[in-house]
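Descriptive analysis of the structure
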Amino acid sequence: MLAFEELDAFKVCHQLTLGIHRVAEKIGDRDPELAGQLWIAALFASGRIARGAGFLNRRMFAMCLDRTLGALHEIGYHLDLARGLTLLDEETHRELEGLRGRATFYTTKLLTSLQDDPGPGDRP
């Protein structure tokens, strides 16, 4: 397996995490709870890829990627909420959603590559 730093999924998640950090600092004064939840989900997304890459077991790596996808969807909800509460401008929202979409794509692609031809309805 590749080092986590070489994985496209990690690279994009890391870019997203850096962008989320800038946003969380800005909205933290107005809504510290939302800022904290957004920051935690961003850390979780990239951190689970790094953790999973350290496992020598493909199923464990796949499980970590599955959790990364959950965190990416959580980030999407938090970004939409921040936009709805006018804590986030449209341009920043669009930029972060673009990164989130790319991170979801690369993470899903990586997860699919780890699957051992599961039966119908089975998950790694």
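To keep things clear, this report deals only with the structure shown in the data block. All values derive from a computational prediction rather than experimental measurement.

1. A short note on the packing of aromatic side chains
- Tallied over the full model, the rule gives two aromatic pairs.
- Geometrically, the ring pair formed by Phe 4 and Phe 10 is edge-to-face, given 4.8 Å between the ring centres and 80° between the ring planes.
- On the accessibility criterion, Phe 4 (25% relative accessible area) is partly exposed.

2. What to know about the nonpolar core
- Core analysis: the largest hydrophobic core is formed by 35 residues, its most contacted members being Ile 20, Leu 72 and Ile 75.
- Elements with a contribution of two residues or more to this core: helix 1 (8-27), helix 2 (32-54), helix 3 (58-84) and helix 4 (90-114).
- Ignoring sequence-local partners within four residues, the contact set of Leu 72 consists of Cys 13, Leu 16, Ala 45, Arg 100, Ala 103, Thr 104 and Thr 107.

3. Description of the state of the cysteines
- This structure, assessed with the given rule, holds zero disulfides.
- Counting only cysteine sulfurs, Cys 64 is the nearest neighbor of Cys 13, a cysteine outside any disulfide, at a range of 13 Å.
- Residue classification places Cys 13 among the buried positions, given a relative accessible area of 1%.
- Residue classification places Cys 64 among the buried positions, given a relative accessible area of 3%.

4. Comments concerning the pattern of salt bridges
- With the rule as written, the count across this model stands at two salt bridges.
- Put simply, Glu 90 and Arg 83 hold a salt bridge, and the shortest N to O gap is 2.8 Å.
- What makes Arg 83 partly exposed here is its relative accessible area of 28%.
- As a salt-bridge pair, Glu 97 and Arg 100 come within 3.1 Å of each other at their nearest N and O atoms. On the criterion of helical spacing, the pair formed by Glu 97 and Arg 100 is a turn pair, its members being three residues apart in helix 4.

Analysis parameters
- Position labels on residues start from 1 in each chain and follow its written sequence.
- Side-chain atom pairs in this predicted model are given and counted only at pLDDT of 80 or more, local residue features only at pLDDT of at least 70, and totals for whole chains, interfaces and linings cover all residues.
- Side-chain descriptors were evaluated using all non-hydrogen atoms of the structure, hydrogens and water having been removed beforehand.
- In summary, the pairing rule links any two rings of Phe, Tyr or Trp, Trp by its six-membered ring, whose centres are within 6.5 Å, and it sorts them by plane angle into stacked for under 30 degrees, edge-to-face for over 60 and tilted for everything else.
- Summary of the burial criterion: residues with accessible area below 20% of their type's maximum are buried, those above 50% are exposed, and those between are partly exposed, where the area comes from a 1.4 Å probe applied to protein chains only.
- Among buried residues, those of type Ala, Val, Leu, Ile, Met, Phe, Trp, Tyr and Cys that are joined through side-chain atoms within 4.5 Å constitute a nonpolar core.
- Secondary structure follows DSSP: runs of H or I at least 4 residues long count as helices, runs of E at least 2 residues long count as strands, and numbering of each begins at the N terminus.
- Only heavy atoms enter the contact rule, under which two residues are in contact if any of them lie within 4.5 Å.
- Throughout, disulfides are identified as pairs of cysteine sulfur atoms within 2.5 Å of each other.
- Each salt bridge in this description consists of a side-chain nitrogen of Lys or Arg and a carboxyl oxygen of Asp or Glu lying within 4 Å of one another.

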